[in-house]
Structure formats: structure tokens, C-alpha cells
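# Results of the structural survey
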Amino acid sequence: MAVAAVKEYTFESADRLENFHGNQLLFVGWEDHLLFCAPFALAMPPTTLFGDLVGKMLPGAFGYHPDFAKIDWNTVEWFKSGEPWQPQMDASLADNGLGHKAVIRFRTPGLTGIKGSCS
Amino acid sequence: MDMKATSGKKLGLKEKYRQMTRGLEWEPSYQKKDDIYPFMEYEGIKIHDWDKWEDPFRLTMDSYWKYQAEKERKLYAIIDAYAQNNGHLNVTDARYLNAIKLFLTGISPLEYMAHRGFAMAGRAFPGAGPRVACLMQSLDEIRHAQTQIHALSNYNKYYNGFHDFSHMLQRVWYLSVPRSFFDDAVTAGPFEFMVAIGFSFEYVLTNLLFVPFVSGAAYNGDMGTMTFGFSAQSDEARHMTLGLEIIKFILEQDPDNVPIVQRWIDKWTWRGYRVLTLVGMMMDYMLPKRIMSWKEAWEVYFEQNGGALFKDLARYGIRPPKWLDQIAFDKDHISHQAWGTFYQYGAAADFHTWSPTDDELDWLSKKYPESFDKYYRPRLEYLREQAEQGNRFYNTTLPQLCQVCQIPMVFTEPGDPTKTCYREVDYQGEKFHFCSDGCKHIFEDEPEKYKQAWLPVQQIYQGNCFPEGTDPTVEGFEPLAKVLEYYHINFGRDNLDFDGSEDQKNFATWRGMATTNE
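The structure displayed is predicted, hence computed values, not measured ones.

## Quick look at the overall build of chain A
Broken down by element type, chain A carries one helix and five strands. Dimensions of chain A, computed from C-alpha atoms along their principal axes, come out at roughly 55 × 35 × 25 Å. In chain A, buried positions account for 53% of the 119 residues. Restricting the contact set of chain A to residue pairs at least 6 apart, pairs at least 24 apart contribute 67%. When the 9 positive and 13 negative side-chain charges of chain A are each reduced to one mean point, those points stand 6 Å apart.

If you want it as C-alpha cells, here you go:
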């Protein structure tokens, strides 16, 4: 059942796209770097270039970690909803198939956090 | 007319209980029963004979008042003495105060919600026995909320962060976790509420909340808190018995009830366990004098006690709750994952956080020999080192939250504490995300309920967590400052690291005055 209720209970989702005033949510997680306790929730227009996400937004989110400066972006492995995936840096989020509340992760081979603890 | 008493003989306990409960029942004549009790059928539970309900205590209102009045006198005598004797200066360490700030904002309001829930359930049930039992438990719960607020209000005179718990409950991001847990229970039907709170929370999990907390208060010199804890604990023993009684009653009434109750036990054991993450963190990181680790508490109060319980329920066809293997694995991890969260989001919390001392790290290492030094010591030591260099980590990017438990997605894969657990569902064309198989399963059961969740991060991004009249387009707009204003958290007094805080300085000064001569 969709919900146990005495009478009809149908309402709009609290976090539907139109509530974000032109932005959409993107969730981003860095594998093996749990110094950051959880993946991040970022809000941005769907027209944002993926390259700008990587070059301008990820440093603010993940830059505290000493591994961040060592990332070789050419060897990064990307995942979309857990599946291997290859984004186009010069395309927008929308053109990269990233809709509202998409979740992406990246793995940086050779970088496994503080003293290799995946922190 | 003057009616002559037929006999001077007192009623026996059993007959008195019957008169004061069953005797209060009546058969409606001019209203349909379905209109008076509209919530009895929609959950699918079948009750054929309400009279089979038995309160093992046979408690009636007149004996309840006498019993509670005596407890009240004792409690307030100690609270008054504690206040008059500056008892707050006897706590082991001012860091302890942060555990009770978290309790006041995150747990005491749950007692109040339990009061409302049991009042609603008592109104919903046709049976006189459970109506009376729910009424008294409802009174207990509001009394617990009141006595906790009264005991902790003494600290509000001296320390930061105690000032606005009821406002914060509705707004502050981490308080959405306990709040949504109880909102979920109270907005369920009366039978689900009884299984959720009366059984799963009160019977299965409540010792995990109260015993460590009350012991923690005692070990850390907080007589006021210890006293309300013991006062509530004597009620909790009765609540546990009632919780077990209600579930057996429901199961005995009809075999069709068994799969429904099982689903609720699975759901609410999981949801309750997630809320208790805060307790685990408190035990392992926030009590200056520790009493036991979260892992030890879980092993004693759930694994040992719960085993016997579910063996007993097996004859009704109930099996132990789902996801116990994951819970058993995670007992090594969730308290550290939670503390890591509050440490880095300490700028948005109504209490202070800090780096554990070497002594405390060694204690954690001894309590978690297989996991602590491998997974958590490196990050805790790194963060402490950074703080000492003036680069204390305050995370300024918002975390992804689980749609159901509303906790940031800090939990890891079952069996692998190095991998964040990601679960997602597409429902009606929209994505929803979860911290675990348990929370995902709960969503899939009733997606229309959980798609409504008020998730703090999403609400901030929608612009709903700023004070009225805020203009985000103005130059120099600082979102964090405005969110804290909305939360009623005073920047630089209520939040940030314990080290250097006003609470730290004041406590040291006042304790100094109490123990030295000028």
C-alpha cells in the first residue's frame, strides 16, 4: 500500500524540482574519504557545466582534505547511481543526464585518506 | 434521599480494578460505534474481544495519584537541594553539559510527544482496559517531560544552549531525527503507535536510552539529572510490561494480525535503533567519565535481553526484527560516525564539540579493539592536529540526508566501514535516497508518507530556513548566519568548539571560586 490512511491521502512531494527555484539538487560523494562524514548535497542550475562543478564547486566542498590537491583528474573514476559512468566536462549537468537528486561518486585511485584509513 | 451504605467492606484489588476500568465502559445508543471509534479498522488489525486485555498492575487512578505524588515530593526535594547547593559545580567536567543540552533538545520533547501519542491511542481504543492504561502512561510521559525540563532548567541560569529547546526542536537540523521518529509514530494508526512506542521503543529499546544516560549523569556528578532519570525509570518498568502485554494481546486476537505486527516490529526496531545513534555518541564521546561503551550497552541491553524476548514471541509466529546482523556489525561504528558528523558541523549545533584527549582515544581503542585504531583514530588525530594549528575543520557544505531517518548519510555498507551506504528508489519519476536497506524498505512500504518528509538540508536549499523577511539577494548575505538566527543558535556562544568557549571559561572560573580562596 502507498500509505495506511483513513481516507485518501495524496500530496505533492516535499522536495520536487519546482520547489528549488531554478536549481536542482546533486549529491556528490568521494570514495574512501570518510573524513567527510556524508556525501554532499549541492544545489545548482541544470545548465551548470560539469567542468565548472569539478573546478569551482568541489574544491570548496572537499578541499580541506590533504588528498584533494593530489588528485589526478585524468585518472578519476566516476559513478552515477553506483554504476561506472563517464561525464563530459564541457557539457551541462542536464546534457550529462544528471537530473534532480542525481547521485554521483568519484574514486581517486591511489588516494585512500588519512594514513590509508579511508578517512 | 439518603441512601444507606450496603456494606463497609472494601473492594478487593481485582474487583476495584474492574469497577474503575470495565465499569467505566458503556454501549453507545444514539451514535454508531464506527463513528465514535473511526481508527479501529484501517490498519488491518482485528480485535474480537477487548475484555481479554489485562493490565498486570491493575492500576487505577486513585492509587496512581498516591504513588506518583510521593515520587514527586522526593524528586523536587532533590532538584531544589541541587539548585540551592550549586550542584552544577560538582559535575566532573564542563564538557558533560553538552550531553544534557542534547538530551533537553532531542529527548525530553519525545516524552511530550509520547504523552500526546498515548492520549490519542487511549481515545481511539474501544476497550476500557487499554484506555485506562494509555491514559496513565500518557500522564507519566508528560510528567517525564516536565520533570526533565525542570531539572535541566537550573543549568540554563549559568550555561549556554539551554535557552530555547521547544523552538529548536521544530527547526534545528539534527533534531529532525528524533522529531520525525515521533511524528511518524503519532501519525500512524493507534495500533502501530502501540507497537512502535509501547513495545519497540519502551520495551525493546528504552533501557538503552535511560540506563546509560542515568548512570552517565550519576558518574559525572549530576544529581539532578540522575534523580529525574530514576524517577522516570520506575515508570519505565511499568511501561515495558504494558508494552509486552499489548503486543501479546494483539497477537492472540487473530492470526491475521501476525504479519502486520511483524512488519511494525521490523520497522520500529530499525527506526528506534537509528535514533539511538545519538545515545551511542553520547556514551562514547560526550561523557567525560565514561560508564560503558555503546557496544557494551547494546550487547547487554539488546542482544542479551532481546534474545529471550523474541524466543518468547516465537510461539505467536513472530521472528526477531530484520537487519539484526547489520546492527551487530555496526555497533563498532555508529558512535564514531555520529561524532564525526557533529564535530564537523559544530558551527550549526546548539552544543559544543571537541577533540578527544589521548586518554579518551586509548579508552576507545580498548573498547573497540578490532576497529577503532584502524578506522577512526587516524581521522580523530588528524582533526585534532589541524585544530591545534588553527585550522579546525568546520564543514560548510551541506550533507546528503536519508529520506526516512533524516540522518546525514554517514553510515557505511553492511560489513564494510570504509564505504558509504547508498540506496535509492525512483518513485513517481522522482529519486529518493536512503542510508540503509532498512530505511529504504520503510519508504517502499508507504512512499506517500515519506515523500512528505521535511528534510532540513532540502528545506534550506528551498529557502525555508531563514528568518522572516530575509533577502538572499542582498550583498554580503551569509546563509549560515541566517540559518542559525532561524534556529535561535547564538553564534560564538552556543556553537563551535568547547575549547575556548564561554561555558569552558565560566565553569573553570566558578569551580575555582568554589574550591579556592581569594
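## A word on the overall build of chain B
Regarding its fold elements, chain B presents 22 helices and four strands. Since a compact globule built from 518 residues should have a radius of gyration of about 24 Å, the 24 Å found for chain B is in line with a globular shape. Overall size of chain B, expressed as C-alpha extent along the three principal axes, is 85 × 65 × 50 Å. Residues counted as buried form 59% of the 518 residues belonging to chain B. Accessible area of chain B: about 21,200 Å², with a carbon and sulfur share of 53%. Averaging the locations of the 56 positively and 72 negatively charged side chains of chain B gives two centres separated by 5 Å.

## Looking at the domain arrangement of chain B
All names here are of chain B. Considered domain by domain, chain B is made up of domain 1 (51-351 + 478-495 + 497-515) and domain 2 (355-394). Centre-to-centre, using C-alpha coordinates, domain 1 lies 28 Å away from domain 2. Each partner contributes to the interface: domain 1 provides 23 residues, whereas domain 2 provides 18 residues. Across the domain 1/domain 2 interface, buried area totals approximately 1,800 Å², and carbon plus sulfur atoms make up 53% of it. It is Arg290, His336 and Tyr343 in domain 1 that bury the most area against domain 2; as a group they hold 33% of the surface buried on that side. The tally of links between domain 1 and domain 2 comes to four salt bridges. Measuring nitrogen to oxygen at the nearest pair gives 3.4 Å for the salt bridge that ties Arg290 to Glu360. Applying the counting rule to domain 1 against domain 2 returns eleven residue pairs in polar contact (both at pLDDT 80 or more). For the side of domain 1 that touches domain 2, the secondary structure elements donating two or more residues are helix H12 (277-286), helix H13 (294-313) and helix H15 (334-344). Broken down by element, the residue count for the side of domain 1 that touches domain 2 peaks at six residues, all from H15. Looking at the side of domain 1 that touches domain 2, its residues break down into eight nonpolar, seven polar and eight charged.

## Topic: the side chain of B:Asn207
Residue and element names in this part refer to chain B. Structurally, Asn207 is set in helix H9 (residues 190-219). With a relative accessible area of 15%, Asn207 lands in the buried category. The contacts of Asn207, once residues within four sequence positions are left out, are Pro212, Gln233, Met240, Tyr301 and Asn305.

## Let's talk about the interface of chain B and chain A
Counting residues at the interface gives 54 residues for chain B, matched by 47 residues for chain A. Roughly 4,300 Å² is buried in total at the junction of chain B and chain A, and carbon and sulfur atoms are behind 57% of that figure. Summed over the three residues of chain B that lose the most area to chain A, namely B:Tyr422, B:Tyr461 and B:Gln462, the buried surface amounts to 16% of that side. If you look at where chain B meets chain A, you find two salt bridges. One salt bridge in this structure joins A:Asp32 and B:Lys419, with 2.9 Å as the shortest N-O distance. Viewed at the interface, chain A and chain B are joined by 24 residue pairs in polar contact (both at pLDDT 80 or more). Sorting the residues of the side of chain B that touches chain A by element identifies H15, helix H17 (372-388), strand S2 (416-420), strand S3 (423-427), strand S4 (430-434), helix H19 (447-450) and helix H20 (456-461) of chain B as the ones contributing at least two each. Counting residues per element, the side of chain B that touches chain A draws most heavily on H17(B), which supplies eight residues.

## Quick notes on unusual backbone geometry
Backbone geometry places A:Lys101, a non-glycine residue, at a positive phi of 70°. Looking at the element boundaries, A:Lys101 is found in the loop between strand S4 (83-85) and strand S5 (102-107). On the accessibility criterion, A:Lys101 (2% relative accessible area) is buried. In this structure, B:Asn86 is a non-glycine residue whose phi angle is positive, near 50°. Along the polypeptide, B:Asn86 turns up in the loop between helix H3 (61-84) and helix H4 (96-106).

## Examining the pattern of salt bridges
All names here are of chain B. Evaluated as defined, the whole model comprises 50 salt bridges over all chains. With its nearest N and O atoms 2.7 Å apart, the salt bridge here joins Asp184 to Lys449. Here the residue Asp184 occupies a position in helix H8 (residues 176-186), and Lys449 occupies one in helix H19, the gap between them amounting to 265 residues. As far as burial versus exposure is concerned, Asp184 and Lys449 are alike and both buried. In this structure, the salt-bridge partner of Lys451 is Glu448, at a minimum N-O distance of 3.2 Å. Glu448 matches Lys451 in its accessibility class, with the two residues each being buried. One network of salt bridges, with partners in common, ties together Lys71, Glu72, Asp140, Arg143, Asp235 and Arg238.

## Quick look at the sheet that holds strand S1 (residues 24-30) of chain A
The strands making up a sheet associate through backbone hydrogen bonding, with each pair oriented either parallel or antiparallel. Residue and element names in this part refer to chain A. Strand order across the open sheet formed by five strands is S2-S1-S5-S3-S4, with mixed pairing between neighbours. Strands with a single pairing partner mark the edges of an open sheet, and in this sheet they are strand S2 (40-44) and S4. Taking the axes of each pair of neighbouring strands and ignoring which way they run, one obtains an average angle of 35° across the sheet. Bridge count between strand S3 (residues 77-80) and S4: three bridges; the pairing is antiparallel. For Trp78, the partnering residue across the bridge sits in S4 and is Trp85.

Parameters and conventions
- Residues numbered from 1 in each chain as written.
- Chains lettered and ligands numbered in written order.
- Predicted model: local features only at pLDDT ≥ 70, side-chain atom pairs only at ≥ 80, totals over all residues.
- Heavy atoms only, no water.
- Helix = DSSP H or I, 4+ residues; strand = E, 2+ residues; numbered from the N terminus.
- Buried < 20%, exposed > 50% of the residue type's maximum accessible area, 1.4 Å probe, protein only.
- Contact = heavy atoms within 4.5 Å.
- Lys, Arg positive; Asp, Glu negative; His and termini not counted.
- Charge placed at Lys NZ, Arg CZ, Asp CG, Glu CD.
- Rg over C-alpha atoms; globule rule 2.2 N^0.38 Å.
- Areas by Shrake-Rupley, 256 points an atom, 1.4 Å probe, with all protein chains shown as cover.
- Domains from an automatic or database assignment.
- Buried area = accessible area lost by both parts, 1.4 Å probe.
- Salt bridge = Lys/Arg side-chain N within 4 Å of Asp/Glu carboxyl O.
- Polar contact = N/O pair within 3.5 Å; in protein donor to acceptor, adjacent residues only side chain to side chain.
- Nonpolar A, V, L, I, M, F, W, Y, C, P; charged D, E, K, R; others polar.
- Pairing = 2+ DSSP bridges.
- Axes fitted to C-alpha atoms, helices over the stretch in contact; angles between N-to-C directions.

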